[in-house]
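# Inside the fold
Residue-level listing of the chains:
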There are 2 protein chains.
Amino acid sequence: MSNLEETILSYGKRAKTAARKLARLNARQKNVGLLSMADSILRHEPQILEANAEDVQKALERGLSAAMIDRLTLDPKRVRAMSEGIREVAALEDPVGQVIREWTRPNALNIRKIRVPIGVVGIIYESRPNVTSDAAVLCTKTGNATILRGGSESIRSNLAIAKALSEGASSAGLPEDAILLVPVTDRAAIEHLCKMDQYLDVIVPRGGKGLIETVVSHARMPVIKHYDGICILYMDAKADLKMAEEIVINAKCQRPGVCNAAETVLVHRSILNKFMETTGRALASRGVQLRCDQPSLVEANRIPELNCLAKAATPDDFRTEFLDLILALKVVDSVDEAIEHIETHGSHHSDAIITSDTTAAERFLAEVDSATVYWNASTRFTDGGEFGFGAEIGISTDKLHARGPMALEELTTYKYQLRGTGQVRN
Amino acid sequence: MSNLEETILSYGKRAKTAARKLARLNARQKNVGLLSMADSILRHEPQILEANAEDVQKALERGLSAAMIDRLTLDPKRVRAMSEGIREVAALEDPVGQVIREWTRPNALNIRKIRVPIGVVGIIYESRPNVTSDAAVLCTKTGNATILRGGSESIRSNLAIAKALSEGASSAGLPEDAILLVPVTDRAAIEHLCKMDQYLDVIVPRGGKGLIETVVSHARMPVIKHYDGICILYMDAKADLKMAEEIVINAKCQRPGVCNAAETVLVHRSILNKFMETTGRALASRGVQLRCDQPSLVEANRIPELNCLAKAATPDDFRTEFLDLILALKVVDSVDEAIEHIETHGSHHSDAIITSDTTAAERFLAEVDSATVYWNASTRFTDGGEFGFGAEIGISTDKLHARGPMALEELTTYKYQLRGTGQVRN
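Residues numbered from 1 in each chain as written. Chains lettered and ligands numbered in written order. Predicted model: local features only at pLDDT ≥ 70, side-chain atom pairs only at ≥ 80, totals over all residues.

## A short note on the domain arrangement of chain A
Residue and element names in this part refer to chain A. How we decide: These domain boundaries are the output of an automatic or database domain assignment. Residues are defined as contacting one another if the C-beta atoms placed from their backbone atoms lie within 7 Å. Following the grouping adopted for this structure description, the nonpolar residues are Ala, Val, Leu, Ile, Met, Phe, Trp, Tyr, Cys and Pro, the charged ones are Asp, Glu, Lys and Arg, and the polar ones are all others, Gly among them.
The domain architecture assigned to chain A consists of domain 1 (3–226 + 393–418) and domain 2 (231–386). The gap between the C-alpha centroids of domain 1 and domain 2 is 35 Å. Contacts between the two partners involve seven residues from domain 1, matched on the other side by 10 residues from domain 2. When the residues that make up the side of domain 1 that touches domain 2 are grouped by side-chain class, the tally is three nonpolar, three polar and one charged.

This is the structure in structure tokens:
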């Protein structure tokens, strides 16, 4: 066994022990811990900012993009926001202990299905250091121990944040090992985590294709992937054109770099011309590049403002998460064709139909097999906060256990408690 | 790509297409299909029994145990029971389409969390041919396509049953590929199934350690394990001795070969002597062999009837699923020690405390991290039927998605439907 493997195993063992202690705490005890963690983050601001400055310096030397540098950089305002975020989580309702269902059998055996912590949650992520705090805090709130493994570019910031959180937690009586950050950032560390199903109850990868693939191919425990969002909007024959324009602009332009932004728009042939005259022009005014199928390209070329923005789409454009002001455009002849395109090209994240036709809308809502399906609204609402869940680990693109926004409830599982008076089975 | 891999991939593709069709059917349409499948099983009785006779013949030639032969053998009565079982599932409520929760956000966006089929369910099992029907039927009821892979010893029976089910389903308008049985029984088939995450949404292994390990180490999709049950009963200092005796006898002897039977009994030191005088004698009268720790062996040796039945336990005895009239016995000094033993030696399946002490019982119910925890009742109630679920795929020993009895509801997942009036995000 390598030194690294031994280190990771020792983390697993410590986290499992901590998880059993955490599971026995009530909501008040955990909230006291969370508030102490929030204070500790503020107290450690100098150390966190110093560590972050080193990360940023290394990132600049390595020539990371300005967008990456921005995601990585912390300042006093961001540190305060991190601390404030912890206080907000403390104020949320604790799902642990909730009775999901209770019934009594004819033999008088009482059955309760209750929410319990999952145990030890592994979170593997890249880039933004505030994920360290967000993820650890949501796990603590739900009585789970966390093993975090962040990316190399933010390792110093992550270590400083995790240290602050741990100190805050343990000074308030929470187990010291409730939050553990793996100090090793090479890929072998992920592989060892993935093998450790005796300690790790679930693993949540948030990141790019390579990271997700490493986890999926090695994990022995359940994986809840936070993968790409190829979100698709379908403009039906009966779409309100004004609403269509507002929703397309919002879903594409309001924040193009996130997973619930739209990447493809499907347009019913009967409204193509009017759609291009309205939404097409609006997209042009925002500088959105269009990747068009043949019929939509012909229409686009009639609009001078779109001339230098529209070009022919390749098949790959309809399977790409652009995360940028680029939109793929395709003409369809029916709601069936739209559903078929979404099922075969989308990522089952968030898809929308814009229409005043109730029958078409209900078919779309029923038949599109995505985590969230919309009728007459922007896909940008797929978000724990927007759903009213308060905070989220992310958006699961998996189907089981957690689908869509993964918040406090999705960080719990259940068990059955049966209370009897000596019942035996016949 | 090997021929086998191509075959398995073609099954996956066909099942995925069938799953989309199945998901669009309402409860009535699926029930018509189920009743037709029940009829078809009766109509195919001669072919099923003929195929089964060949399986039994081969099993006899291979020298399988009498218990295995019994599990394998079908007769007209068992075929009728299989058909009757399908009718019972048809009569159950369909969870698909149920609204789990509905709420409206301040911006008037309406959110519904509704139950939907999982998609394509892979079930890998051994031995009993009636699992072919049970599993396929529960999946059909919940709108899932199934890919079944049974063991080699029952392959002819399984093929005949699957053919009968498929014909019944398709003659009633259900997709022909809703139920597919892999005709190849070598382990490579399992490995190919495990890789096929583009088609298979979940895989459920039911069987021995080797089978489960193959699936866990190869699967790219979620796995819901149906693994062993090392169920533990704790006789507290305040246990009612009469109740203790009835529950121990029931949990150990009523059907020792099943996963919810007890394998270990922990006895509080203060009642050891009385427990041995009552339950000990009762176990002896049933011929149950005892594997005792040092203090319990001393007590056992004082009872003549136990002389030839009790012997010193090895450490392994406390981690063994005997599935036989063998019971491990250990003395503990507190409820804490009992919980600690269960957490480290049990399989987190079903564990019970027998006591009249409410405080001890509630601590046990809260702190034992098992799928089902009991107070004053036999662990034998961990069963979909006994829970009132009507039928079950099995008992999940996993923590996520399905924990404990896995029935119709656990064969569904959820999605969010959002209905708006043009909402965009600020």
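So much for the structure itself; the text now carries on.
## Regarding the packing of helix H1 (residues 3–23) of chain B against helix H8 (residues 187–195) of chain B
All names here are of chain B. The cut-off we apply is this: The axes used here are C-alpha line fits, helices contributing only the stretch in contact, and every angle between their N-to-C directions lies in the interval 0 to 180 degrees. Each helix is a run of H or I in the DSSP string that is no shorter than four residues. Each strand is a run of E no shorter than two, and both are numbered from the N terminus. Relative orientations are named as follows: roughly parallel for angles under 35 degrees, roughly antiparallel for angles over 145 degrees, roughly perpendicular for angles from 65 to 115 degrees, and oblique for any other angle. Crossings are classed by handedness, with left-handed meaning an anticlockwise turn of the near helix from the far one by less than a right angle and right-handed meaning a clockwise turn.
Direction vectors running N to C along H1 and H8 enclose 50 degrees, while the axes themselves pass 9 Å from each other. Classified by the interaxial angle, the pair formed by H1 and H8 is oblique. As for how H1 packs across H8, the hand of that crossing is right-handed. Along the contact surface, H1 presents Leu4, Glu5 and Ile8, while H8 presents Ala188, Ala189, His192 and Leu193. A breakdown of the residues in the contact of H1 with H8 according to their chemical character gives five nonpolar, one polar and one charged.

## As for unusual backbone geometry
Phi at asparagine 376 of chain B is positive, roughly 60 degrees, even though this residue is not glycine. Within the element layout of this structure, asparagine 376 of chain B appears in strand S13 (residues 372–377).

## So, the interface of chain B and chain A
Where the parts come together, the accessible area they lose is often given as the size of the interface. Rule in force here: DSSP bridges decide pairing: two strands pair if at least two such bridges lie between them.
Contacts between chain B and chain A engage 52 residues on the former and 52 residues on the latter. Looking at the side of chain B that touches chain A, the elements that each hand over two or more residues are helix H9 (209–218), helix H10 (241–253), helix H14 (358–367), S13, helix H15 (384–387) and strand S16 (412–423) of chain B. Ranked by the residues each element gives to the side of chain B that touches chain A, the list is headed by S16 of chain B, at 11 residues. In the sheet, strand S16 (residues 412–423) of chain A pairs with S13 of chain B via five bridges, with the strands oriented parallel. Bridged to glutamine 423 of chain A within S13 of chain B is alanine 377 of chain B.

## Here's the deal with helix H14 (residues 358–367) of chain A
Rules: Exposed residues have 12 or fewer other C-beta atoms within 10 Å of their own C-beta, buried residues have 20 or more, and partly exposed residues fall in between, where C-beta atoms are placed from the backbone. Our arc is simply the arc of the directions from the helix axis toward the C-beta atoms.
Along H14 of chain A, the residues classified as buried are Ala360, Ala361, Phe364 and Leu365 of chain A. Down the axis of H14 of chain A, the sector holding all buried residues measures 130 degrees, keeping them to one side. Among the exposed residues of H14 of chain A, those oriented more than 90 degrees off its buried face are Thr358 and Thr359 of chain A. Those residues of H14 of chain A that are buried lie in contact with strand S7 (231–235), helix H13 (335–345), strand S12 (350–354) and strand S13 (372–377) of chain A together with S16 of chain B.

## Thoughts on the sheet that holds strand S4 (residues 145–149) of chain B
Residue and element names in this part refer to chain B. The parallel open sheet is built from four strands, whose spatial order is S5-S4-S3-S6. Of all the strands in the sheet, the pair left with one neighbour each is strand S5 (179–181) and strand S6 (202–205). Strand-to-strand twist in this sheet, taken as the mean axis angle between neighbours without regard to direction, amounts to 20 degrees. The sheet contact formed by strand S3 (residues 120–124) and S4 spans five bridges and is parallel. The residue of S4 that forms the bridge with isoleucine 123 is leucine 148. Packed onto the sheet, H8 meets S3, S4 and S6 and runs at close to 150 degrees relative to S4. Seen against the sheet, H9 touches S3 and S6 and runs at an angle of roughly 165 degrees to S6.

## Structural notes on the sheet that holds S13 of chain A
Spatial ordering of the open sheet is given by S10(A)-S9(A)-S11(A)-S8(A)-S7(A)-S12(A)-S13(A)-S16(B)-S2(B)-S1(B), a layout of 10 strands whose pairing is mixed. The open sheet has two free edges, formed respectively by strand S10 (310–312) of chain A together with strand S1 (99–104) of chain B, since each of these has just one partner strand. The mean inter-strand angle of the sheet, taken between neighbouring strand axes irrespective of direction, is 20 degrees. H13 of chain A contacts S7, strand S8 (262–268), strand S11 (326–332) and S12 of chain A of the sheet and is inclined by roughly 140 degrees relative to S11 of chain A.

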